[in-house]
Amino acid sequence: MDILDLIKSRDPNEREFHQAVTEVVESIKPVLDRNPHYRSANILERIVEPERVIMFRVPWVDDDNNIRVNRGFRIEMNSAIGPYKGGLRFHPSVNLGILKFLAFEQVFKNALTSLPMGGGKGGSDFDPKGKSNMEIMRFCQSFMTELSRHIGPNTDVPAGDIGVGAREIGFMFGQYKRLRNEFTGVLTGKGLDWGGSLVRPEATGYGAVYFAAEMLAVDGRTLKDTRSLVSGSGNVAQYAMEKLIELGSIPVTFSDSSGYIYDEKGVDQEKLAFIKELKNVRFGRVSEYAEEYPEAVYVPVDPTADCNPLWNHKADCAFPCATQNEINPKDAANIVANGVNVVSEGANMPTMPEGVDLFIQEKIMYAPGKAANAGGVSVSGLEMSQNSMRISWSREEVDNRLRVIMKNIHKRCLDTAQYYGTPRNYVNGANISGFTKVADAMMDLGVV
Ligand code: GLU
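In the nomenclature of an unreviewed UniProt entry, the protein corresponds to Glutamate dehydrogenase from the organism Halodesulfovibrio aestuarii. In its Subunit (unreviewed entry) section, UniProt records this for the protein: "Homohexamer."

*Asks:* How should helix 5 (residues 96-112) be read in this particular structure?
*Replies:* An α-helix turns once every 3.6 residues. As a result, residues three or four positions apart point the same way. Between its first and last C-alpha, helix 5 extends 25 Å over 17 residues, near the 24 Å set by a 1.5 Å rise per residue. The element helix 5 is extensively covered by neighbouring structure, given that 16 of its 17 residues are classed as buried. Where helix 5 starts, the residue carrying a side-chain oxygen 3.0 Å from the main-chain nitrogen of G97 turns out to be N95.

*Asks:* Is there a simple way to think about the site of the ligand in this case?
*Replies:* The ligand sits among 13 residues. The nearest are K85, K109, G160, D161 and S380. At a separation of 2.7 Å, an oxygen atom of the ligand approaches a polar side-chain atom of K85. At a separation of 3.1 Å, an oxygen atom of the ligand approaches a polar side-chain atom of N348. Bound to the protein, the ligand loses 95% of the 300 Å² it would expose on its own. For the shell around the ligand, the secondary-structure elements that each account for two or more residues are strand 3 (84-90), helix 5 and helix 15 (374-389). Looking at the shell around the ligand, the element that brings in the most residues is strand 3, giving three residues. When the residues that make up the shell around the ligand are grouped by side-chain class, the tally is two nonpolar, six polar and five charged.

*Asks:* I'm lost on the nonpolar core in this one. Help?
*Replies:* By size, the foremost hydrophobic cluster in this structure holds 55 residues, and its most contacted members are F211, F254, V267, Y289, F319, L402 and I409. If we skip the residues at most four places from it in the chain, F319 touches A208, V209, A212, S228, L229, V230, S231, L244, W311 and S344. By size, the runner-up hydrophobic cluster in this structure holds 41 residues, among which are I47, I75, A103 and A439.

*Asks:* Can you help me understand helix 16 (residues 395-419) in this one?
*Replies:* In this model helix 16 runs 36 Å from its N-terminal to its C-terminal C-alpha over 25 residues, within 8% of the 36 Å that 1.5 Å per residue would give. For helix 16, every residue scored as buried is listed here: V398, D399, L402, I405, M406, I409, H410, C413, L414, T416 and A417. Packing partners of the buried residues in helix 16 comprise helix 5, helix 8 (200-217), helix 9 (235-246), helix 14 (369-372), helix 15 and helix 17 (426-445). Just past helix 16, the residue G421 takes up positive phi, approximately 75°.

*Asks:* Would you explain a negative patch on the surface in this entry?
*Replies:* Negative charge collects at one region of the surface, where D268, E270, E291 and E292 lie side by side. In this structure, E291 sits in helix 11 (residues 287-292).

*Asks:* What's the story with the sheet that holds strand 1 (residues 52-61) in this structure? I'm lost.
*Replies:* If you walk across this open sheet you meet the five strands as 1-2-4-3-5, and the pairing is mixed. The sheet is open, and its two borders are formed by strand 1 and strand 5 (156-159), each paired with just one other strand. Strand-to-strand, the axes of this sheet are offset by a mean angle of 20°, without reference to chain direction. Sheet topology note: the strand 3/strand 4 (residues 119-124) ladder contains three bridges and is parallel. The residue bridging F90 from the neighbouring strand is S124, located in strand 4.

*Asks:* Would you take a moment to explain the packing of aromatic side chains for this structure?
*Replies:* Given two aromatic rings, one states the distance between the centres and the angle between the planes to describe the pair. The full count for this structure, using the stated rule, is 22 aromatic pairs. Consider the rings of F56 and F143, whose centres lie 5.3 Å apart with planes at 50°: the pair is tilted. You can see F56 sitting in strand 1 and its partner F143 sitting in helix 6 (residues 133-147), a full 87 residues away along the chain. Here the two residues F56 and F143 agree in accessibility, since each one is buried.

*Asks:* What am I meant to see in the pairing of strand 6 (residues 227-231) here?
*Replies:* A regular strand places its side chains so that they alternate between the two faces of the sheet. For strand 6, the buried fraction is high: four of the five residues fall into the buried class. One ladder, built from two bridges, connects strand 6 with strand 7 (residues 250-251); its direction is parallel. For R227, the partnering residue across the bridge sits in strand 7 and is I250. Crossover connection from strand 6 via helix 9 to parallel strand 7: handedness right-handed. With four bridges joining them, strand 6 and strand 11 (residues 317-320) adopt parallel strand pairing. Note that in strand 11 the partner of S231 across the bridge is P320.

*Asks:* Before we go on, may I ask you to explain the state of the cysteines in this structure?
*Replies:* Defined simply, a disulfide is a covalent bond joining two cysteines at their sulfur atoms. All chains considered together, the criterion is met by zero disulfides. Left without a disulfide partner, C307 is nearest to the cysteine sulfur of C321, which lies 19 Å away. Of all cysteine sulfurs in the structure, the one in C317 sits closest to C321, which takes part in no disulfide; the separation is 12 Å. A relative accessible area of 8% means that C321 is categorised as buried.

*Asks:* Mind showing me how you'd approach the sheet that holds strand 9 (residues 259-262) here?
*Replies:* Two modes of strand pairing occur in sheets, parallel and antiparallel, and in both the strands are linked by backbone hydrogen bonds. Taken in spatial order, the three strands line up as 8-9-10 in an open sheet, and their pairing is antiparallel. The two strands at the open ends of the sheet, each matched to only one other strand, are strand 8 (253-256) and strand 10 (297-300). Taken over all neighbouring pairs, the strand axes of this sheet differ in orientation by 20° on average, direction set aside. Note that strand 9 and strand 10 share four bridges and pair antiparallel. Opposite Y262, over in strand 10, you have V297 as the bridge partner.

Conventions and cut-offs
- Sequence order as written defines residue numbering, which begins from 1 separately in each chain.
- Reporting of local features is limited, given that this is a predicted model, to residues whose pLDDT is at least 70; pairs of side-chain atoms are given and counted only at 80 or more, and all residues count toward the totals for whole chains, interfaces and linings.
- Only hydrogens and water are removed before side-chain values are computed, so all heavy atoms of the structure are retained for them.
- UniProt positions are given in the numbering used here, feature names are shortened, and annotations may be inferred rather than shown by experiment.
- Here a helix means four or more residues in a row that DSSP labels H or I, a strand means two or more in a row labelled E, and each is numbered from the N terminus.
- To estimate the expected span of a helix, subtract one from its residue number and multiply by 1.5 Å.
- Throughout this description, buried means an accessible area under 20% of the type-specific maximum (1.4 Å probe, protein chains only), exposed means over 50%, and partly exposed covers the range between.
- Two N or O atoms count as a polar contact when they lie within 3.5 Å, although within protein this holds only if one can serve as hydrogen donor and the other as acceptor, and sequence-adjacent residues are included solely when both atoms are side-chain atoms.
- Throughout this document, a residue counts as near a molecule or strand when at least one of its heavy atoms sits within 4 Å of that molecule or strand.
- Here the Shrake-Rupley method, with its probe set to 1.4 Å, supplies the accessible areas, and only the displayed protein chains count as covering residues.
- Three categories are distinguished: nonpolar for Ala, Val, Leu, Ile, Met, Phe, Trp, Tyr, Cys and Pro, charged for Asp, Glu, Lys and Arg, and polar for the others, with Gly belonging to the last.
- Joining through side-chain atoms within 4.5 Å is the link that ties buried Ala, Val, Leu, Ile, Met, Phe, Trp, Tyr and Cys residues into a set, and such a set is a nonpolar core.
- Residue contacts follow a heavy-atom distance rule, with two residues in contact if any of their heavy atoms lie within 4.5 Å.
- Residues enter patches when their relative accessible area tops 30% and they take part in no salt bridge; the joining distance is 9 Å for like charges and 5 Å for the nonpolar side chains Val, Leu, Ile, Met, Phe, Trp and Tyr.
- Salt bridges are counted wherever a side-chain nitrogen of Lys or Arg sits within 4 Å of a carboxyl oxygen of Asp or Glu.
- Positive: Lys, Arg. Negative: Asp, Glu. His and the chain ends are not part of the count.
- A charged residue contributes its charge at one atom only: NZ of Lys, CZ of Arg, CG of Asp or CD of Glu.
- We treat two strands as partners when DSSP finds at least two bridges between them.
- Lines fitted to C-alpha atoms define the axes here, with helix axes fitted over just the stretch in contact, and angles between the N-to-C directions of these axes take values from 0 to 180 degrees.
- A pair of aromatic rings is counted whenever rings of Phe, Tyr or Trp (Trp by its six-membered ring) have centres within 6.5 Å, and the orientation is called stacked for planes under 30 degrees apart, edge-to-face for over 60 and tilted otherwise.
- A right-handed crossover is one whose linking path, passing over the helix from the first strand to the second, runs clockwise when the strands point away from the viewer.
- The term disulfide is used for any two cysteine sulfur atoms that are within 2.5 Å.

Quick look at the structure:
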């Protein structure tokens, strides 16, 4: 049976997982043709099946003494090249299919970093929005009480993702330490005072911008004096904007689930400080930015619209840093029509497949998330190394390593795409290069 038919018949409702697998399978066809041993060892069938899926009840008590129940998950997808590694997402949209897509992407992303990390992902359908600090703490403690049985510094090392930042990692680390009586590097994205790494908060956003700079450098160009569309306003978007400003690009948009901001003059360091305070301290909405800076326009989300107007502004670069499938085919057409020729994905799988096809057909420099946003998990890998050595590297040391890693990922993708006859197709480059590393390791390890 064809692998796509197999996963669709086995798990018919996991739409995002089917989408992620389809993209990889299309890219690696020429690899399977040239290397029949992968087919005879049934690597594809093995790589799409998680090594282990853990699903559990997360009971907790809210501030009004009501007992609440959420669902917790950890997908341990592939450990052929290292312990499972990947974030935890707390968002009401979380379900098994979403986490399987994220875990699947993570396997290839982590392989691209060149660090020894397998792939995993987890989370809960818990909605942190509007919850008190104490509710967040009680939820995190309950979630970790079960998760702690399944993870460990040499087994599975979770981190943050949407809805899980330093605060949540802190509560979960505290609970793990208490339950196990062990201070270990079991989570990454930790606070600096208790085992975290410098540059981890910045790493995903900075990395996506470093990757864009590498793509431009192939043509002898830079980000200086370009205009950039950014979506999202969380950790990834904030630090993408910070690095863009530093490298001379002008971010003109950003967003949250309520709407988006268009700032013709661009976000500068001072305005960015306002966004960070708004989002990280006050947990406010982006509309407040337009109240503070009246030259900016706030556009609320229109649920009946067939496209997102954020992507319909003149610009040179686009950095989708919000969530999966945020760029539909019409948005992709608008991006192309507005003169954008660099797209670097800070989010995981933000572009729908027809959009990806359009970018490739129009010869846009398009970097898929598994390559462009690998900076986050790379610095998580560096956090693990520092924890094992019981030392902390300086900001320069970590940032330099991050730059080198992003440069190498870019080169690997570029060279692989060229070798397989699809020059500058970063989708093929990333998928093939990630796949061969994991597949070769699986071959070496036997049928396990
Ligand atoms: N959630 C991030 C990602 O999608 C980071 C994972 C990690 O640091 O383990 O890659």
